[in-house]
Amino acid sequence: MNPYILAILLFGLRLGTTITFASSHWLLAWMGLEMNTLAIMPLMAQHHHPRAIEATTKYFLTQAAAAATLLFASVTNAWLTGQWEIQQITHPLPSTMITLALALKIGLAPLHAWLPEVLQGLDLTTGLILSTWQKLAPFALILQIQPSNSTLLIILGLTSALIGGWGGLNQTQLRKILAYSSIAHLGWMILVLQFSPSLTLLTLLTYFIMTFSTFLVFKLNKATNINTLATSWTKAPTLTALAPLILLSLGGLPPLTGFMPKWLILQELTKQGLAPTATLAALSALLSLYFYLRLSYAMSLTISPNNLTGTTPWRFSSTQLTYPLATSTAMTICLLPLTPAISALLNP
């Protein structure tokens, strides 16, 4: 892609997100979300592969449906209450509709079906943008409206955590596994949203760091399925040794960074008298942990080609910068000791 066009598209992405962040009016927020969608679509379709075009079309249709629902709900709210302010959503009908529209935008279950399919059709760099940056603007709106329907949030959160774990069990494609991982993490964030928005933000931030590391590891190895991962030890042995720690951090095992948000969320849910919900969420984390362990096993605990029927794929050495990966990997593995400081900041 022409670097000038790429720069304009990335600027459009940043501008759309910033407009949504800064807006207090529903029309402005909607405009920011639309700019976001339109800016990422050429990035998604840039390889002119039928799979990429299909993914772009699916993404466009789901995002257009979500944006139309959002616009309809905000107009309904203005009609019922006379308010266009984002924080003045008082009527339960537009509030529920907006929550569901934003859930469709970020891919919360049961409105998640588009996410694995779309992510599977993209290259890893665009997939990383879709899994991280594209969640920011809808999350900013969800945090601002503070949905009044707490039952809806708990249902969305639990369903996402369970489906995110269940859906990834039988996958061999890494991008689909990461899509289900994304759905499960979003479920955890939505569960605790009404009780501690700052904890939701912390979970979102740690999810971004861990996903960034995981995508960069796969990109460095040019891996898109589990079999390709098994040959990574010949290319980058040190990284292959660290990769299970990154994946298990994503699964939420102590003493890695990913354990911190899950620990604090379970603690908060128990404090709010939702012990059954916390138990179900913790059990759903076990499902996710299985497929992270599966990836770790394929990557580090088998010696290729003993586990492969085919020949080792020919790959050139990667020219990817390793500084971002080194930084994010260190953060993915080592931030758990900061938990007391972060707890103090969350509950001043």
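Going by the annotation in an unreviewed UniProt entry, the name recorded for the protein is NADH-ubiquinone oxidoreductase chain 2, with Neolamprologus pulcher given as the source organism. A UniProt comment under Catalytic activity (unreviewed entry) is attached to the protein, and it reads "a ubiquinone + NADH + 5 H(+)(in) = a ubiquinol + NAD(+) + 4 H(+)(out)".

**Describing the overall build of the protein**
Per the secondary structure count, the protein includes 16 helices and zero strands. A total of 348 residues make up the protein; the buried ones form 54% of that total. Across the protein, contacts joining residues at least 24 apart in sequence account for 79% of those joining residues at least 6 apart. For the protein, the exposed surface amounts to about 15,200 Å²; the carbon and sulfur share of it is 70%.

**Let's talk about the packing of helix α2 (residues 26-44) against helix α7 (residues 136-145)**
Following both chains from N to C, one finds α2 and α7 inclined at 155 degrees, their axes separated by 10 Å at the closest point. Put simply, α2 runs roughly antiparallel to α7. The handedness of the crossing between α2 and α7 comes out as left-handed. Packed against α2, whose contacting residues are Trp-26, Ala-29, Leu-33 and Asn-36, the element α7 presents Ala-137, Pro-138, Leu-141 and Ile-145 at the interface. Residue composition of the contact of α2 with α7, by class: seven nonpolar, one polar and no charged.

**Digging into a nonpolar patch on the surface**
Together, Met-1, Ile-5 and Leu-6 give the surface a local cluster of nonpolar side chains, amounting to about 250 Å² of exposed area. Tracing the backbone shows Ile-5 in helix α1 (residues 3-22).

**Focus: the pattern of salt bridges**
Counting across every chain of the model gives five salt bridges. One salt bridge connects Glu-117 with Arg-51, and the closest N-O pair in it is separated by 3.8 Å. Here Glu-117 is found in helix α5 (residues 114-120), whereas its partner Arg-51 is found in helix α3 (residues 50-81), with 66 residues between them in sequence. The class for Arg-51 is partly exposed, based on a relative accessible area of 25%. With its nearest N and O atoms 3.7 Å apart, the salt bridge here joins Glu-117 to Lys-58. You can see Glu-117 sitting in helix α5 and its partner Lys-58 sitting in helix α3, a full 59 residues away along the chain. Given the relative accessible area of 27%, Glu-117 is considered partly exposed. In this structure Lys-58 comes out as partly exposed when scored by relative accessible area, which is 28%.

**Here we look at the domain arrangement of the protein**
Here the domain parsing of the protein yields domain 1 (1-126) and domain 2 (149-307 + 318-347). A straight line from the C-alpha centre of domain 1 to that of domain 2 covers 24 Å. Contacts between the two partners involve 18 residues from domain 1, matched on the other side by 22 residues from domain 2. In this assembly, domain 1 packs against domain 2 so that about 1,800 Å² is buried in total across both faces, 75% of it on carbon and sulfur atoms. Ranking the residues of domain 1 by area buried against domain 2 places Leu-108, Gln-120 and Leu-124 at the top, with a combined share of 36%. For the interface between domain 1 and domain 2, the tally reads one salt bridge. Measuring nitrogen to oxygen at the nearest pair gives 3.4 Å for the salt bridge that ties Lys-176 to Glu-117. Taken together, domain 1 and domain 2 are joined by five residue pairs in polar contact (both at pLDDT 80 or more).

**Observations concerning the UniProt feature "transmembrane region" (unreviewed entry) in the protein**
Residues annotated in UniProt with the feature "transmembrane region" (unreviewed entry) correspond here to residues 57-80, 92-115, 151-170, 177-195, 201-221, 233-253 and 273-293. Regarding residues 151-170, the helix share stands at 85% and the strand share at 0%, and the terminal C-alpha atoms are separated by 30 Å. For the annotated span residues 233-253, helix accounts for 71% and strand for 0% of the residues, and the straight-line distance between the end C-alpha atoms is 23 Å.

Conventions used here
- Residues numbered from 1 in each chain as written.
- Predicted model: local features only at pLDDT ≥ 70, side-chain atom pairs only at ≥ 80, totals over all residues.
- Heavy atoms only, no water.
- UniProt positions renumbered as here; feature names shortened; annotations may be inferred.
- Helix = DSSP H or I, 4+ residues; strand = E, 2+ residues; numbered from the N terminus.
- Buried < 20%, exposed > 50% of the residue type's maximum accessible area, 1.4 Å probe, protein only.
- Contact = heavy atoms within 4.5 Å.
- Areas by Shrake-Rupley, 256 points an atom, 1.4 Å probe, with all protein chains shown as cover.
- Axes fitted to C-alpha atoms, helices over the stretch in contact; angles between N-to-C directions.
- Parallel < 35°, antiparallel > 145°, perpendicular 65-115°, else oblique.
- Left-handed = near helix turned anticlockwise from the far one by under 90°.
- Nonpolar A, V, L, I, M, F, W, Y, C, P; charged D, E, K, R; others polar.
- Patch = residues over 30% accessible without salt bridge, like charges linked within 9 Å, V, L, I, M, F, W, Y side chains within 5 Å.
- Salt bridge = Lys/Arg side-chain N within 4 Å of Asp/Glu carboxyl O.
- Domains from an automatic or database assignment.
- Buried area = accessible area lost by both parts, 1.4 Å probe.
- Polar contact = N/O pair within 3.5 Å; in protein donor to acceptor, adjacent residues only side chain to side chain.

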